Every structure is written in structure tokens, then in C-alpha cells.
Amino acid sequence: MLRRIFSLASGRIALVILAVIALLAIFGPLLAPHDPLATSTDLLAGPSGSHWLGTDNLGRDVFSRLLAGSRISVLGSLEVAAMALVVGAIPGIVSVYLGRAFEWLSLRLADTLVALPFLLFAVAVTALLGNGITQAMLVTGVLVSPMFYRVARAATMSVARSQYVEAALISGASLGWIVRRHVWVKVLPPIAVAFAQTIGVGFIVVSSLTFLGIGVQPPAPTWGGLLASDLGFLSYQPWAPFAPALLIMLTVWACNLLADAMRDVSGEAGRALINARKVRANQVAAGGSQ
Amino acid sequence: MILEVSDLDVHYGQRRRKRRALAGASLSVAPGEIVGLIGETGSGKSTLARAVLGLVRPSAGRIVVDGEDVTGYRTGQWRSLRRRGVIQYVFQDPLRSLDPELSIEDSLSEPLVVGGMSRAEAAKRVRTYLARVRLEEELLGRLPGELSGGQRQRVAVARALVTEPKLVILDEPVSALDSANRVQILEIVKELRATGVAFVFISHDLGSVAGIADRIAVLYQGELVETGPAREVVTEPSHAYTRLLVSSAPTLSTASAGRAEREALRALLNA
Amino acid sequence: MTSLAESPTVTSVADPVFAVRDVRVSNQVDGREIVRGVSFDLTPGKVVGIVGESGSGKTLTCRAVLGILPEHFTVSGGSVHIAGHDVSALSPAQWTALRGSTISAVFQDPASYLNPSIPVGSQIAEVVRVKTGVRRRQARRRTLDLLAAVHLRDPELVYTQYTFELSGGMLQRILIAAAIAADPQVLIADEATTALDVTVQAEILDLLADLRERTGLALVVVSHDLAVVAQLCDEVLVMRDGEVVEQGPTTQVLYRPRHSYTRLLITEHEQYGLDRYLDRTEAQS
């Protein structure tokens, strides 16, 4: 799968961007040239040799804050996606097997979650459980989980009705065996696509929540928080929001690109794509030889 | 007898929408016997097979498998019976009945591993039966999609044989195959019959079963309308539906029964 | 009783309505030639059968002569003349005009060719209106006639039914009705009876024989089963791996096969088929 994604230009771009973002998340806080929390008297300064992206309203180094904030931002969106995966995909798979009552209940629950406005819900829950990035992310994860639920359920249903599952049943296989042996591998690719997409969504959510001041306690830096504070001083530094906004956009775009690439290379669509390329290659070769 | 089905009734649906799929079907299969079960869409042939495999619950009648009355078996009892591998089933379309993401070796050893056999022993058994269906060992690492249709069906047959069953139910096993592969599968079946394995050969086409079955049973609208030795059923069919089947089966003989006879039989059956 | 000797032998007199000369089909993905030279002639009322297993190139041959090859496949050689026109010179619009009115086809899975959310009657009526340019009411009347012509018992009822209410055999009849709506001269039946029960298959084959007798329709019957083809055809082509390995009048192919593959097809029927219990006599005087 990974090799096939890499054969697509869009897949390569997405993976490279995401690799850079991942490196930022791991080493960013260590690379920061200044202490991201240290204030100075140099308020709202423009870019310079010591402050590459200038300073903010409290005189903190923006570049350092971006680097330091990358870890929380990335971790936060991963938390959202992981939570959604666990809360959505597993019930989605077992809803096909655990009988009508569970199926009905889980379906209605998924519908309910879809209907809830997530920002409002996140605000309410953080008010209840305390304002922390983890609480906020877990709540968001639960709220986007219906997508995983539906994707996993649809994929499982097509496998569950297949003859090879019936063949395994006739051989005396248990439910656990069937899920481990036959269902899991087939459900994984669509879930992976959903996962990549959700990481993108997670970024937007983390950014918008921290933009609203939910989830992250100041002065801890995040990309969304940076964007929010930069917007407050737009008249002094009109260019400042570009850096955090660009990072957020780039990451979300890369995640969606990866999701698209994954969808393109798996299944029927993947085969059609590869065939079309071969024809083109043959025609080019034929044209060259004439 | 390896299989004894007596007065089997199967209903689908509930209460007012209840529909009878099988009515009073009785069939027995002796070791080393090939029984052709003929019926068209909706005749109940698949229902009969599914009842014998414990996939649908009969509403009346009795099913005895290898001396064991399985009629009222619960899920757990069925599972332990299946794990002994006494009855096996071969689906019509091997491409769909083999997991596309599992190697041939994994697919073949599945019934053995599920039944509790060690991987090493299962690997040995798999190789024995692979040779029995005339396939090379190097296919074991491949995926079903990388095999030809004939090879796939032989894998499906081998999969049914690895547990050394006493009865194999084959559902239209050759209708998706070309001539050469069809003949090969039928020859394998004949060889195995000689070792005492019994077969139920399900098909909608009397012609495709006539040459290999010892006995033929004809299902029509949920009822067994005719059962007898193959030659008798083909040459002297007693029921009008069997006569229509014989007359409809394509044959190479250009002097076969014609349109007028079929027309008359259809009118008779619809009356 | 349609023994071959009695079938109309117009071959020598009439001009062919359909002439296929050395048609070749290539796959552009790997540049391989999948069909290597198929030739036959059809005169009104004549039936040609093509026998071969899946992958033998018989379906691609049909699609090539209908101008509906799948993506990445092209006709790489030979010629096809339909009612005197060389089809290689046709524009897509001319092809569309030709299909249905001169040459028509039915395929294996009838349900997939009909829209499940529209009653089948209006779908055929649409074909009638597009192909013959008549008004709605006339199209409806013509459709009912067509449904009766394919021996559907209650045309008025079938007209209003949806695909899910009809059996595979009935759907295939409906598609045949749509295919002959504009009185084509040639009908290609590509594995049209394969997915059907034997008794239904016999009904469809009887219907095709009936249409041919009544209207002089020329047929191309494609099947993997030599016996199906033998029931209906005057001439048989046996295809294997894209090549025609044997071609000739049906009786000759059945009783004096030259190629070992044809002999294998016959042996299979004699050993395992119904033929084992029947006397195989050459029904010729």
C-alpha cells in the first residue's frame, strides 16, 4: 500500500509534508531558538536575525512558539483521530455481528452524535471536565466517531455477507476468528482513509478550539492559539497570521491528499488508474519508436 | 448411511409472510455414493444443503449426519460438529468462496487450524490434498486472484477435502468452469468416491450431473418429485417436470426432443 | 423439431447482411492481440454460433463488431460490413443509428441493462420512440406487441412491472423485446442464456429459433457450451485463446471434428453429460 501511494505524485507530496510536520512535532520544541514562554521588552517586532518571524504582543519569539506549539497541535489531532477510531470503528465492526438490539442502539447513538453541534458540545464538556487539551480532544473524537462507525460498518457488512466468511463458518470458525482472519484486513483500508481525513479535521478542530481558548491553557503555545493572538494585533502586524495559518492549511491539505491517494490506489479504482498509466506509457513508447 | 434426511420442512419468514421453501423432503446418501440433486432457482436445493449444514433451522423433520441426530443442535453443538469436518461444502464460485487476501496455503489450512490441528501437521495435510487435486506446491504462496478459474475450483475442492470428510456437498461446482477443467474436477470426484467419500452434487442442469451421479433426486417447488438411479431418471422420467428437464438440457444430439414437446410439458406443469 | 437439414438454406442466394472478415482485437495495455482473425458471413435467417471458454475472445469479438469494445481495447485488423456498410468508417453518431435498427445484441446479465426504478415497459417504449420516432401512444402499443412477440404471458401486466418483480428468464425476454424493437436484421446473443436455469434457457433458445423463422432474423449465438450452440446454429466457430480452431457447418463440427479441442468438448458431453444415455445419431437423411 505504502509503495503504491508513493508511486503517485500526490501521495509523495503528502507523505513528505507529513513527515516534515511529524519531525516538527518530535523535535520542534528542542529546535526552538528561544524559550517560547520567555517575554521580552521587544514587543511586536518585525522579522530579524534573532527573531525570524518577529515577536508577539508580549515580546515572545513567534518562530519558537510555532515550533513548540507543533507538538501539542499534532498530538491533539492524533488524539482526535485515535479516539474516533476506537469509539467509531470497533462498534462499527461488531454492530454487524452482535445482533439487532446492539445494531439498533449503536445506529441511533451515531445519528445522535452527528446531530450535535460539536463546538457547543466541546465547550459544555470542557466546562464539566475541566479545560484541558486532552478532554477537548477526546470529546471531539467522540463527536467525529460516527464517520468511522459508518465506514467500518459498511466495509464489514460487505465482508460479512461474503461466501468466504460463510465457508469459514461451515468449517467451524468462531466469530473472533472470522473477524481477525477475514474481516479486519478488508476493513482496514477504508478506515485508514477515514483516519487520514480525520487527522486533517482534527487539526482544524484543535486550531479552532485553541483559537476560542478552549482546551489549551495560556500561555502554552499552539498553532491555533498563535493565529488567534496574531489576529488581535492585525493592525500592527498584518502579515503575522500567515505563518500559523499556512502551517495549518498545509497539514490539513497533506492529510486530505494522503486520504485521496490511499483511496485511489486501493481496490478497483487503483487498478483502473494503473492500467490507464500503462496505456499512456505504451503510447509514449510507440510514439518514440516511430 | 452417511446422511439421512427425512420429511424435512423448512420455512422462511415469519407469521403472515411465512413461505415454505422445502416440504417433506427425504433423501439418504450412502458412503461412496454420488447423488445428483437437481433443481432450479427457488426449488429449495440450496435450502436443503443449508439445512444439512446447520445454516437454516428446519421447522419439521429429521437430519441424521453420520449416525448423529443433528436436528435440534444449538450453535455450539454445530460448531463442534463442523470442527470435526465430517461434512464439507464447495461453493459454486471459488473466486468468492476463497478470501482474496489470504494465501492459498492459509485458505486451505483454515478448516484444519480451526479444528485444532497444529500448523505443522496442517501444512503436511494441505500438501497431500493439493497433490490429490493435481496442483503444484508453488501455488501455496499465491493469492486466489493469481490463479486460473480451474485452479481456484480445485483449491476449493482441496479445501473441502483436507478434513477428510465423509460427505462433500458440491454446489454447481463445474458450471463456472471450461471443459478441460470440468472434466478434471469430475475425474477427481470419481477418484475420491472410490475411497468411500460420498458426494451430493447440486445443479440446475440435469445434463451436467447425469454422467457422474449414481442416483438423481429432482426438486421442484420445494418437493422432491423424483428420485432414482441416474439412467432411469434420464431415460424414463416419470414426473412431467423431470421430462421437461431432460428435454431442455442441451445435448449434442441434433435429434433431441423438440420445441413442441417442451411447449406441451410447460403447459402441463402450469395447469 | 428443427433438424438442420430442414433449415432454410438461403445462404447461397441472399447477400450477407453481416460480413466479418479476419477481425483482430488488441489490448493496448500490454499490446497483445487478444482476438486473432475471426471471419464469418450471415445471411437473413442464418445462425452462426461461437463456442469458447471465458478468455477465448468470443465476447471481445462480439463487442468489436458492435463497436462497443471496453476501454484500452481496439480493433487492430480486419473489416466488418453491416448491411453493406464498412463500419470502420462510421462516426459515433452513425454507429448509434446503426445499433438497434440494423444490428442488436443481448448479453448475459439482463438485470444490469435495465433501470430498477422505472417500469420495464416504459424503458422499452423509450427505445421504440428513439429508434423508430413514433409517438408515445404508438410506442406503447408497439411495446405491448413486442412483449407478446417474446411470449410473455401478460404483456399489459409486465409493462407496468419493475425489474425486481421479474425473473431472470422474463428479464432476458424483455431485453430481447427491446433488442428487436426496431426490426434489426442481426441479433447477437452473447451468453444470453448462461445465467438462466436449463428449462428457462430452453425457452429462450426456442424463442430465438421462433424469431428467426418468423422474421428472418440472423443470429450470432455465443456460448461456452457446444450443446447450446448445436441446438440452434447452422455454422459453428470454435474459439480458443483468441483463435478460431475449427469452423464449419454444425453437423460437420459435431460428427467429424478435426481439432483436438473440439473433440474434447464433445467427449465431455458424451462422458459426463446427458449424451451418455442418449443415442447420438446424425439426424440427416
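Residues numbered from 1 in each chain as written. Chains lettered and ligands numbered in written order. Predicted model: local features only at pLDDT ≥ 70, side-chain atom pairs only at ≥ 80, totals over all residues.

## Considerations on the overall build of chain B
Thought 1: Of regular secondary structure, chain B possesses eleven helices and ten strands.
Thought 2: Relative to the globule expectation of 18 Å for 271 residues, the C-alpha radius of gyration of chain B, 19 Å, shows essentially globular dimensions.
Thought 3: When the backbone C-alpha atoms are referred to their principal axes, chain B occupies close to 60 × 45 × 35 Å.
Thought 4: When each of the 271 residues of chain B is scored for burial, the buried share is 49%.
Thought 5: Across chain B, the fraction of contacts at a sequence separation of at least 24, relative to all contacts at a separation of at least 6, is 67%. (Helix = DSSP H or I, 4+ residues; strand = E, 2+ residues; numbered from the N terminus. Rg over C-alpha atoms; globule rule 2.2 N^0.38 Å. Buried ≥ 20, exposed ≤ 12 C-beta atoms within 10 Å, placed from the backbone. Contact = placed C-beta atoms within 7 Å.)

## Observations regarding the pairing of strand β3 (residues 34-38) of chain B
Residue and element names in this part refer to chain B.
Thought 1: Along β3, five of the five residues are buried, which leaves the element largely enclosed by surrounding structure.
Thought 2: Here β3 pairs with strand β8 (residues 198-203) via five bridges, running parallel. Bridged to I38 within β8 is S203.
Thought 3: For β3 and strand β9 (residues 215-220), the ladder comprises four bridges, and the chain directions are parallel. Looking at β9, one finds that V35 is bridged to R215. (Pairing = 2+ DSSP bridges.)

## Regarding the confidence of the model for chain B
Thought 1: Confidence along chain B averages 89 in pLDDT terms, with 99% of residues attaining 70 or more.
Thought 2: The complex prediction reports pTM at 0.77, with the ipTM value standing at 0.86. (pLDDT = per-residue confidence, 0-100.)

## Re the confidence of the model for chain A
Do not read the predicted coordinates in detail wherever pLDDT is low.
Thought 1: Taken as a whole, chain A shows an average pLDDT of 80; of its residues, 91% reach a score of 70 or greater.
Thought 2: Of all the helices and strands in chain A, helix α11 (residues 267-289) of chain A carries the lowest mean pLDDT, 62, while helix α7 (residues 163-170) of chain A carries the highest, 90.

## Observations regarding the packing of helix α4 (residues 99-115) of chain A against helix α6 (residues 133-160) of chain A
In helix packing, the relevant descriptors are the interaxial angle and the interaxial distance, both defined with respect to the helix axes.
All names here are of chain A.
Thought 1: For the pair α4 and α6, the least separation of the axes is 8 Å and the interaxial angle reads 130°. Here α4 lies oblique to α6, going by the angle between them. Handedness of the α4/α6 crossing: left-handed. On α6, the residues that touch A110, L113 and V114 of α4 are V142, L143, S145, P146, Y149 and R150.
Thought 2: Per-class residue counts for the contact of α4 with α6 are seven nonpolar, one polar and one charged. (Axes fitted to C-alpha atoms, helices over the stretch in contact; angles between N-to-C directions. Parallel < 35°, antiparallel > 145°, perpendicular 65-115°, else oblique. Left-handed = near helix turned anticlockwise from the far one by under 90°. Nonpolar A, V, L, I, M, F, W, Y, C, P; charged D, E, K, R; others polar.)

## Some words on the sheet that holds strand β1 (residues 18-27) of chain C
All names here are of chain C.
Thought 1: Pairing is antiparallel in the open sheet, where four strands are placed in the order β2-β1-β4-β5. Of all the strands in the sheet, just β2 (33-42) and β5 (85-86) have a single pairing partner and so form its edges.
Thought 2: When β1 meets β2, the two strands line up antiparallel, connected through seven bridges. Residue pairing in the sheet places S26 in a bridge with E33 of β2.
Thought 3: Most of the contacts of helix α1 (residues 58-66) go to β1, to which it runs at about 115°, and overall it touches β1, β2 and β4 (73-82).

## Describing the environment of A:W239
Residues and elements named next belong to chain A.
Thought 1: Relative to the assigned elements, W239 resides in the loop between α9 (223-232) and α10 (242-265).
Thought 2: Looking at W239, the number of C-beta atoms within 10 Å reads 12, which means it is exposed.
Thought 3: Taking the C-alpha atoms as reference points, W239 and T156, 83 residues apart in sequence, are found 49 Å from one another.

## Thoughts on the interface of chain B and chain C
Thought 1: With 33 residues of chain B in contact, the opposing surface of chain C contributes 38 residues.
Thought 2: Among the elements of the structure, α7 (179-194), α8 (206-210), α9 (230-235), α10 (240-248) and α11 (259-270) of chain B are those that each provide at least two residues to the side of chain B that touches chain C.
Thought 3: Take the side of chain B that touches chain C: its biggest share by element is five residues, from α7(B).
Thought 4: The residue makeup of the side of chain B that touches chain C, split by class, is 14 nonpolar, twelve polar and seven charged.

## So, the nonpolar core
Thought 1: Ranked by internal contacts, the top residues of the largest apolar core, which has 235 residues, are A:F148, B:V200, B:F201, B:V218, C:I124, C:A189 and C:V220.
Thought 2: In contact with B:V200, other than residues within four places in its own chain, are B:V29, B:V35, B:L37, B:L167, B:I169 and B:L170. (Core = buried A, V, L, I, M, F, W, Y, C linked by C-beta atoms within 7 Å.)

## Overview of the pairing of strand β6 (residues 87-90) of chain B
All names here are of chain B.
Thought 1: The alternating pattern of β6 places I87 and Y89 on one face and Q88 and V90 on the opposite face, and all of these are buried.
Thought 2: Bridge count for β6 against strand β7 (residues 167-171) is four bridges, and the pairing is parallel. By the bridge assignment, I87 is partnered in β7 with L167.

## A word on unusual backbone geometry
Thought 1: Positive phi, normally seen in glycine, also occurs at B:R134, with a value near 60°.
Thought 2: Inspection of the secondary structure assignment puts B:R134 in the loop between α5 (119-132) and α6 (149-161).
Thought 3: Note on B:R134: 12 C-beta atoms within 10 Å, which makes it exposed.
Thought 4: Phi at C:E191 takes a positive value of approximately 50°, unusual for a residue other than glycine.
Thought 5: Tracing the chain through its elements places C:E191 in the loop between β7 (186-190) and α7 (198-215).
Thought 6: Assessed through the 20 C-beta atoms surrounding it within 10 Å, C:E191 is described here as buried.

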